[in-house]
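Each chain, letter by letter, is given below.
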Amino acid sequence: MKVDLDAIRRRDRRALSDLMRAVKKSAKAGCVKLGAENIEEDVAQELFMLFINNLIDKFNPDYNLEPYLIKSAINVA
């Protein structure tokens, strides 16, 4: 999934919704890999805030977002 980083920075509702969808999917995948499905919602919330506040400036928009988020979700979990 490609994301519009400028729209996310502007807090565009549609871009944030798309990001949240990707974050929830990635948090689920990361938690499943660790066997920590019971904290999936907490990981998703933390990952969303982490991406918006810190990771957005480090992310290259030419790359696919999900693998980056899954690895980050594993680290958060």
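Moving on, we get to the nonpolar core. Ranked by internal contacts, the top residues of the largest apolar core, which has 23 residues, are Ile8, Leu19, Val23, Phe51, Leu65 and Leu69. Of all the secondary structure elements, the ones that give two or more residues to this core are α1 (5-9), α2 (13-34), α3 (40-53) and α4 (65-76). Among all residues touching Val23, those that are not within four sequence positions of it are Ala44, Leu47, Phe48 and Leu69.

Scanning the model with the defined rule gives three salt bridges in all. Its salt-bridge partner being Arg9, residue Asp57 comes within 3.4 Å of it at the nearest N-O pair. Of the two residues, Asp57 is situated in the loop between α3 and α4 and Arg9 in helix α1; the sequence distance between them amounts to 48 residues. What makes Asp57 exposed here is its relative accessible area of 58%. Overall, the relative accessible area of 39% leaves Arg9 in the partly exposed class. For Arg21, the salt bridge identified is with Asp18, shortest N-O distance 3.1 Å. One end of the pair, Arg21, and the other, Asp18, are both in helix α2, three residues apart, so they sit about a helical turn from each other. Residue classification places Asp18 among the partly exposed positions, given a relative accessible area of 24%. Taken together, the shared-partner salt bridges in this structure form one network comprising Asp6, Arg9 and Asp57.

What counts, and where the lines are drawn
Residues numbered from 1 in each chain as written. Predicted model: local features only at pLDDT ≥ 70, side-chain atom pairs only at ≥ 80, totals over all residues. Heavy atoms only, no water. Core = buried A, V, L, I, M, F, W, Y, C linked by side-chain atoms within 4.5 Å. Buried < 20%, exposed > 50% of the residue type's maximum accessible area, 1.4 Å probe, protein only. Helix = DSSP H or I, 4+ residues; strand = E, 2+ residues; numbered from the N terminus. Contact = heavy atoms within 4.5 Å. Salt bridge = Lys/Arg side-chain N within 4 Å of Asp/Glu carboxyl O.

No statement about biological role is implied by the geometric values presented.
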